[in-house]
Amino acid sequence: IRMRAQSDSALILAKWLQQQTGIKKVYYSGLEDHPQHALACRQQTGFGGVLAFEVDGDRDAAWRFIDATEVVSITGNLGDVKTTITHPDTTTHGRMTAEEKTKAGIRPNLIRLSVGLESVSDLQADLQRGLAAL
């Protein structure tokens, strides 16, 4: 039940983020433009609670976005019942070389969000604070 709720919220947020000024790209297999969407539809009953997106700008822009949020928790740990946000370039992938990060698609403006069980409207309002900081 928890994963279904998190997947549903993640899909809503991914679609919403695609429409926002300041968002360069959204990565979520539940989106029809994702390169593995058809495969995910065949293999899964949901698309999971984790999505990633790139903000317009650089590493500083990504951190301004993250620092402006209030509802989501900043962490390197994903998969909680509380929505968490992380900056892969400096946390989970921080030990990789620049070349390895480029090959893996880890850009300085990439943010990863693990959606929890909060109200989607509360999360949208919080992400809007991040967008306003760009």
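A brief report on the enclosed structure follows. Quick caveat: nothing in here was measured; it's all calculated off a predicted structure. (Residues numbered from 1 in each chain as written. Predicted model: local features only at pLDDT ≥ 70, side-chain atom pairs only at ≥ 80, totals over all residues. Heavy atoms only, no water.)

For the rest of this paragraph, the subject is the overall build of the protein chain. A tally of helices and strands in the protein chain yields 5 helices and 5 strands. When its helices and strands are written in sequence order, the protein chain yields α-β-α-β-α-β-β-α-β-α. Here the C-alpha atoms of the protein chain give a radius of gyration of 14 Å, agreeing with the 14 Å that 2.2 N^0.38 yields for 134 residues. When the backbone C-alpha atoms are referred to their principal axes, the protein chain occupies close to 35 × 30 × 25 Å. Considering only intrachain contacts with a sequence separation of at least 6, the fraction spanning at least 24 residues in the protein chain is 67%. Both charge centroids of the protein chain, one from 15 positive and one from 16 negative side chains, sit 5 Å from each other. (Helix = DSSP H or I, 4+ residues; strand = E, 2+ residues; numbered from the N terminus. Rg over C-alpha atoms; globule rule 2.2 N^0.38 Å. Contact = heavy atoms within 4.5 Å. Lys, Arg positive; Asp, Glu negative; His and termini not counted. Charge placed at Lys NZ, Arg CZ, Asp CG, Glu CD.)

Bringing the packing of aromatic side chains into the picture now. Per the stated rule, a full pass over the model turns up 2 aromatic pairs. Relative to Phe-47, the ring of Tyr-28 has its centre 6.3 Å away and its plane inclined at 70 degrees; by these criteria the two rings are edge-to-face. A residue pair is termed long-range when its members are at least 10 positions apart, and Tyr-28 in the loop between β1 (23–27) and α2 (37–43) and Phe-47 in the loop between α2 and β2 (50–55) qualify at 19 residues. A ring pair is formed by Phe-53 and Phe-65, whose centres lie 5.3 Å apart and whose planes are at 65 degrees; its orientation type is edge-to-face. (Phe/Tyr/Trp six-rings, centres within 6.5 Å; stacked < 30°, edge-to-face > 60°.)

Quick look at the sheet that holds β2 now. Read from one edge of the open sheet, 5 strands run β1-β2-β5-β4-β3, paired in mixed fashion. The open sheet has two free edges, formed respectively by β1 and β3 (73–74), since each of these has just one partner strand. Bridging between β1 and β2 involves 4 bridges; their strand directions are antiparallel. If you follow Tyr-27 over to β2, its bridge partner there is Ala-52. Contacts from helix α3 (residues 59–68) reach β2, β3, β4 (84–86) and β5 (110–114), with the element oriented near 125 degrees to β2. (Pairing = 2+ DSSP bridges. Axes fitted to C-alpha atoms, helices over the stretch in contact; angles between N-to-C directions.)

With that settled, consider the pairing of β5. β5 sits mainly inside the fold: 5 of its 5 residues count as buried. On β5, burial covers both faces: Leu-110, Arg-112 and Ser-114 on one face and Ile-111 and Leu-113 on the other are all buried. Inspection of the sheet shows β2 paired to β5 by 5 bridges, in the antiparallel sense. From the neighbouring strand, Leu-51 faces β5, where its bridge partner is Leu-113. Looking at chain direction, β4 and β5 are connected through 3 bridges and run antiparallel. The residue bridging Thr-86 from the neighbouring strand is Arg-112, located in β5. (Buried < 20%, exposed > 50% of the residue type's maximum accessible area, 1.4 Å probe, protein only.)

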